[in-house]
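Below, each chain spelled out in residue letters.
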Amino acid sequence: METVHAEDRRPRTHWEHFTRDELLGVRGVGRSMEQAFEMAALALCAWVTDPRSVEAHEELEVACQSADHEQLLADWLRAVVGAMAGRRLRFQCFVVRLDGLNLFGHGFGERAGQARHGACVAVTGASFTRLSVRQEPEGVWTAEALVDF
């Protein structure tokens, strides 16, 4: 007989797209706030390019500090969009470490190329509204935002 621990029943770390009031949304779900931020960034990138088609040849380092977790999420996502727009980077994965309201993040990916990434959406910037960072009753963290590219 296999033993199942309560922690194993929590939802897996993942990202989602959603729409609300005709706007696109990104949602990251994780077992920690850091994982939720990582998944929200991956959801954002998945609007542009399938992360599974990206190889990790380049690294983006980001440091942000903010007054609250929602603004910290916005700053983090803006940094990711800035790298996609300015450096034409596409991302495979992210690693985030939080120290209070200080974020230290790394994105791993490569420059956009039509051969593997298809006809990439041109990213020039984005604004974020209705940001939410919350812990659900079962301990799962969610980080989400509406995105206007």
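In this text, all values refer to a predicted model and were calculated from it rather than measured experimentally.

What counts, and at which threshold
- Residues numbered from 1 in each chain as written.
- Predicted model: local features only at pLDDT ≥ 70, side-chain atom pairs only at ≥ 80, totals over all residues.
- Heavy atoms only, no water.
- Core = buried A, V, L, I, M, F, W, Y, C linked by side-chain atoms within 4.5 Å.
- Buried < 20%, exposed > 50% of the residue type's maximum accessible area, 1.4 Å probe, protein only.
- Helix = DSSP H or I, 4+ residues; strand = E, 2+ residues; numbered from the N terminus.
- Contact = heavy atoms within 4.5 Å.
- Pairing = 2+ DSSP bridges.
- Axes fitted to C-alpha atoms, helices over the stretch in contact; angles between N-to-C directions.

Student: Talk me through the nonpolar core; I want residue IDs and the actual numbers.
Tutor: Within the largest apolar cluster, 36 residues are counted, with the highest numbers of intra-cluster contacts made by Phe37, Leu44, Trp76, Leu77, Phe91 and Leu103. When residues of this core are traced back to their parent elements, those giving at least two are helix H1 (33-46), strand E3 (58-65), helix H2 (69-86), strand E4 (89-99), strand E6 (127-135) and strand E7 (141-148). No other element matches H1, which puts 10 residues into this core. Beyond its immediate stretch of four places on either side in the chain, tryptophan 76 contacts Phe37, Ala41, Val62, Cys64, Phe94, Val96, Leu103, Gly105 and His106.

Student: Let's hear about the sheet that holds strand E5 (residues 102-111): which residues, and what values?
Tutor: As summarised here, the arrangement of the 3 strands in space is E3-E5-E4, forming an open sheet in which the pairing is antiparallel. The outermost strands of the open sheet, each flanked by one partner alone, are E3 and E4. On average, each strand axis in the sheet is inclined to that of its neighbour by 20°, with strand direction left out of account. Where E3 and E5 come together, 8 bridges link them in antiparallel fashion. Its bridge partner being in E5, valine 62 is matched across the sheet by glycine 105. Along the sheet, H1 makes contact with E4 and E5, crossing E4 at roughly 160°. Packed onto the sheet, H2 meets E3, E4 and E5 and runs at close to 150° relative to E4.

In short, the description is geometric, and any link to function would need to be established separately.
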